[in-house]
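Now for the letters of each chain:
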Amino acid sequence: MSKTKSFDISKQVVYKAYQRVKANRGAAGIDEESLADFEENLKNNLYQLWNRMSSGSYFPPPVKAVEIPKRDGGVRLLGIPTVADRIAQMTVKMYFEPKVEPYFHPDSYGYRPGKSALDAVRVTRERCWRYDWVLEYDIKGLFDHIDHELLMKAVRRHTDCRWVILYIKRWLQAPFQTKDGERVERTAGTPQGGVISPVLANLFLHYAFDKWMQANFPQIPWARYADDGIAHCKTKAEAENLLKKLKRRFAECKIALHPDKTRIIYCQDDDRKGEFSITKFDFLGYTFRPRRSKNRYGKHFINFTPAVSNKACKNMGKAIRNWRLHLKPDKELQDLSHMFNPVIRGWVNYYGHFYKSEMYKVLRHINRALIHWVRRKYKKFTRHRRRAERYLGRIAKHEPQLFVHWKMGILPTAG
C-alpha cells in the first residue's frame with residue numbers, strides 16, 4: 001500500500017464492484033451520468049474513485065429523490081445514487097456483507113445471497129399447516145425511519161474497519177436532492193435504492209426483530225422478507241400477546257408497525273372449524289387462504305395454501321396491456337416471442353410455483369392479446385375473431401415452444 005493512502009482498498013475489488021453495478025444496470029443519479037457515459041472514460045473514472053476512497057476524501061454526492069406512486073395513493077421515495085457512488089457502495093458492500101451474513105437468521109430471506117422470496121413462501125406454507133394462527137406484520141416506512149445511532153452501533157459490532165464505518169456513516173448522512181434541485185437533509189433512514197441499504201436494513205432488523213424473537217419468543221417460528229413478515233402462533237391469545245409486545249419493541253427501536261398491514265389471521269381448513277373474521281393474508285405476491293385441493297387419492301379437501309394474489313394478477317394484466325401487441329402488426333410471431341417470453345417465463349417461475357391454476361387467467365389474457373395482434377396483422381381475420389383463434393391455436397399446437405404458457409398447454413381456443 002502507498003504511504004500516502006489512509007486506507008488499504010483493493011483496486012481489483014473496485015473493478016469487481018463496477019462489474020456488479022453494470023450487471024444490475026440502474027438509472028442515472030443527480031449528475032445525469034449514465035453507465036455508458038461513465039464507461040467512456042472507465043479506467044480514469046475507476047482510478048479517481050479508488051484514489052478518493054483510499055485517501056478518505058470520498059464524500060458521497062446527494063441522492064436523487066424519485067417519487068414512485070403507491071397503490072394506496074401515497075408515494076414511495078426512492079433514492080438513486082450516481083453511478084460512481086453505486087460502485088463505491090458496492091465496494092463497501094463486498095467487504096462488509098461477508099462480515100454480517102454468517103450472523104443473520106436463516107428465516108431472514110430478503111436481499112440475501114442464496115435466499116429468495118419463494119423460499120419464504122414455501123416455509124410459510126408448511127408452517128400454516130402446523131400452526132392455527134398467523135400474525136402478519138409490516139413496518140411502516142422502514143427505509144425512511146432506521147435510527148442512525150442504533151444502526152452504526154450494529155455496524156461497529158461487526159467490523160472495526162475504519163473506512164467501511166466512515167463511508168457507511170457518510171452515506172447515511174448524504175442528503176436527498178429533489179427534481180427542483182432542493183436538498184433535503186436526512187437524520188434517519190437509509191435510501192431505498194442504495195446498493196448498501198438492503199444489507200444495512202437487514203442488520204438493523206437482525207437486532208430489532210430477529211434476535212429479540214429468538215430471546216423472547218423462541219417457540220414462535222417466523223419468516224421475514226426485509227420489512228414484511230409472518231409469525232406463526234398456536235393460539236389467538238399467543239398472537240395477540242406477540243402483537244402487543246412487538247409494538248412496544250419497535251417503539252424502543254424508533255420504528256412502528258403499519259396499522260393497515262398488521263393483523264391476526266386464522267388459518268382455516270377442513271380440520272379447523274373455528275370462526276374468525278380474517279382467514280387470508282398476502283405475502284410476497286401470494287394470497288394464503290382456504291382453497292379446495294385434491295389429495296393423492298383424488299379426494300377433495302379444504303387446504304390453507306398460497307396462490308398468486310389478485311393484486312399480482314392485476315399488475316401482470318396491466319403489463320400485458322402496456323405491451324400494446326395490437327400496435328405491433330409489423331412484427332412476426334417469433335419477434336413477439338423473443339420480446340415477451342422472458343417476462344412470461346419469470347411470471348410462471350415465480351407465481352406458478354404454488355397452486356399454478358390460479359394464474360391461468362393471466363396466461364389466457366396473453367392469448368387474447370395475441371389473437372388481437374393476429375386480427376390487426378392479417379386483414380382476412382379482421383372481422384373474424386373465431387377464425388383468428390383457430391389460426392393461432394394451430395400454430396400453438398405445432399410450435400408450443402414459442403411461448404412458455406403454450407408449452408404448459410394454455411393454448412388459444414375458439415371457445
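Chemist: How do you make sense of the overall build of the protein chain when you look at a structure like this?
Modeler: When helices and strands are tallied, the protein chain shows 15 helices and eleven strands. Here the C-alpha coordinates of the protein chain stretch approximately 75 × 60 × 40 Å along the principal axes. Residues counted as buried form 49% of the 415 residues belonging to the protein chain. Long-range contacts, defined as pairs at least 24 residues apart, comprise 68% of the intrachain contacts of the protein chain with a sequence gap of at least 6. Split by element, the accessible area of the protein chain, about 21,600 Å² in all, is 48% carbon and sulfur. Charged side chains of the protein chain number 78 positive and 43 negative; the gap between the two group centres comes to 6 Å.

Chemist: Would you explain helix 3 (residues 42–55) in this entry?
Modeler: Compared with the 20 Å implied by 1.5 Å per residue over 14 residues, the 20 Å span of helix 3 between its first and last C-alpha is a close match. Looking at helix 3, one finds that the buried residues are L42, N45, L46, L49, W50, M53 and S54. Across the axial projection of helix 3, the buried residues extend over an arc of 160 degrees, all falling on one side. At its buried positions, helix 3 is contacted by helix 1 (11–24), helix 2 (35–39), helix 4 (83–100) and helix 8 (162–173).

Chemist: Explain the sheet that holds strand 9 (residues 281–283) to me, please; I cannot follow it from the model alone.
Modeler: The strands making up a sheet associate through hydrogen bonds between their backbones, and the pairing can be parallel or antiparallel. Strand order in the open sheet made by the three strands is 9-10-11, with antiparallel pairing throughout. What marks the edges here is a single partner per strand, and that holds for strand 9 and strand 11 (300–308). The mean angle between the axes of side-by-side strands here comes to 50 degrees, regardless of whether they run parallel or antiparallel. By the bridge criterion, three bridges tie strand 9 to strand 10 (residues 286–294) in an arrangement that is antiparallel. The partner of D282 across the bridge, within strand 10, is T287.

Chemist: Help me out: how do you make sense of the side chain of K328 in this one?
Modeler: Relative to the helices and strands, K328 is located in the loop between helix 11 (310–323) and helix 12 (333–351). Polar contacts involving the side chain of K328 include one to the main-chain carbonyl oxygen of W323, which spans 2.4 Å.

Chemist: Would you mind showing me how to read the side chain of T190 here?
Modeler: Position of T190 among the secondary structure elements: in the loop between strand 5 (183–184) and helix 9 (197–216). Sequence-distant contacts of T190, defined by excluding residues within four places in its chain, comprise F143, I146, L172, S197 and L200.

Chemist: For this particular structure, what's the right way to read the sheet that holds strand 6 (residues 222–225)?
Modeler: Spatially, four strands are ordered 6-7-3-8 in an open sheet, and the strand pairing comes out antiparallel. Sheet topology places strand 6 and strand 8 (263–266) at the edges, where each strand pairs with a single neighbour. The sheet shows a mean angle of 20 degrees between the axes of neighbouring strands, direction not considered. Against the sheet, helix 5 (residues 117–130) makes contact with strand 3 (133–138), strand 6 and strand 7 (228–233), and its axis sits at roughly 155 degrees relative to strand 6, the strand it touches most. Set on the sheet, helix 9 makes contact with strand 3 and strand 6; between it and strand 6 the angle comes to about 170 degrees.

Chemist: What exactly am I supposed to notice about the state of the cysteines here?
Modeler: In protein chemistry, a disulfide is the covalent bond that joins the sulfur atoms of two cysteines. Following the criterion strictly, the structure yields zero disulfides and no others. As a non-bridged cysteine, C233 has C267 as the owner of its nearest cysteine sulfur, 9.8 Å distant. A relative accessible area of 0% places C233 in the buried class.

Chemist: Any chance you could explain the packing of helix 4 against helix 9 here in plain terms?
Modeler: Packed helices, taken two at a time, are described by the angle their axes make and the gap between the axes. Two elements in contact, helix 4 and helix 9, have axes whose closest approach is 10 Å; the angle formed by their N-to-C orientations is 25 degrees. By the angle class used here, helix 4 and helix 9 are roughly parallel. The chirality of how helix 4 crosses helix 9 is left-handed. Contacts between helix 4 and helix 9 pair K93, F96, E97 and V100 from the former with V199, L200 and L203 from the latter. When grouped by side-chain class, the residues that make up the contact of helix 4 with helix 9 number five nonpolar, no polar and two charged.

Chemist: Can you help me understand the pattern of salt bridges in this one?
Modeler: Pairing between side chains of opposite charge can happen when the charged atoms of each approach one another. Here the structure, examined in full by the defined rule, presents 15 salt bridges. Here E101 ties to R112 by a salt bridge, and the two come within 2.9 Å at their closest N and O atoms. On the criterion of sequence distance, the pair formed by E101 in the loop between helix 4 and helix 5 and R112 in the loop between helix 4 and helix 5 is long-range, its members being eleven residues apart. Each of the two residues, E101 as well as R112, counts as buried.

Chemist: Sorry if this is basic, but what is going on with helix 4 here?
Modeler: Residues three or four positions apart in an α-helix share a direction because the helix packs 3.6 residues into each turn. Look at helix 4: 25 Å from first C-alpha to last across 18 residues, which is about the 26 Å you get at 1.5 Å a residue. The largest bend in helix 4 amounts to roughly 30 degrees and is located at M94, with the proline P98 lying one to four residues further along. Across the 18 residues that make up helix 4, a large majority, 13, are buried.

Chemist: Help me out: how do you make sense of unusual backbone geometry in this one?
Modeler: Most peptide bonds adopt trans geometry, and most residues besides glycine take a negative phi value. Phi at R25 takes a positive value of approximately 60 degrees, unusual for a residue other than glycine. Mapped onto the elements, R25 comes out in the loop between helix 1 and helix 2. Under the relative-accessibility criterion, R25 is labelled exposed at 66%. In the Ramachandran plot, A226 falls in the positive-phi region, its phi being about 55 degrees despite a non-glycine side chain.

Chemist: What is the right way to look at the packing of helix 4 against helix 8 in this model?
Modeler: Interaxial distance between helix 4 and helix 8 falls to 10 Å at its minimum, and their mutual angle equals 135 degrees. On the basis of their axis angle, the class for helix 4 and helix 8 is oblique. Relative to helix 8, helix 4 is oriented so that their crossing is left-handed. Residues D85, A88, Q89, T91, V92, Y95 and F96 of helix 4 touch helix 8, and the partners they reach there are W163, V164, Y167, I168 and W171. Residues of the contact of helix 4 with helix 8, tallied by class, amount to nine nonpolar, two polar and one charged.

Chemist: Mind showing me how you'd approach the pairing of strand 1 (residues 63–69) here?
Modeler: Every other side chain in a regular strand lies on the same face of the sheet, so the side chains alternate between the two faces. As defined by bridge partners, strand 1 adjoins strand 4 (residues 176–177) across two bridges and the pair is classed as parallel. Counterpart to V63 in the pairing with strand 4 is F176. Relative to strand 2 (residues 75–80), strand 1 is paired through six bridges, and the arrangement is antiparallel. Note on strand 2: the bridge partner recorded for E67 is L77.

Reading the values: rules and limits
- Residues numbered from 1 in each chain as written.
- Predicted model: local features only at pLDDT ≥ 70, side-chain atom pairs only at ≥ 80, totals over all residues.
- Heavy atoms only, no water.
- Helix = DSSP H or I, 4+ residues; strand = E, 2+ residues; numbered from the N terminus.
- Buried < 20%, exposed > 50% of the residue type's maximum accessible area, 1.4 Å probe, protein only.
- Contact = heavy atoms within 4.5 Å.
- Areas by Shrake-Rupley, 256 points an atom, 1.4 Å probe, with all protein chains shown as cover.
- Lys, Arg positive; Asp, Glu negative; His and termini not counted.
- Charge placed at Lys NZ, Arg CZ, Asp CG, Glu CD.
- Expected span 1.5 Å × (residues − 1).
- Arc of directions from axis to C-beta.
- Pairing = 2+ DSSP bridges.
- Axes fitted to C-alpha atoms, helices over the stretch in contact; angles between N-to-C directions.
- Polar contact = N/O pair within 3.5 Å; in protein donor to acceptor, adjacent residues only side chain to side chain.
- Disulfide = S-S within 2.5 Å.
- Parallel < 35°, antiparallel > 145°, perpendicular 65-115°, else oblique.
- Left-handed = near helix turned anticlockwise from the far one by under 90°.
- Nonpolar A, V, L, I, M, F, W, Y, C, P; charged D, E, K, R; others polar.
- Salt bridge = Lys/Arg side-chain N within 4 Å of Asp/Glu carboxyl O.
- Bend = angle between axes of the 7 residues up to and from the residue.

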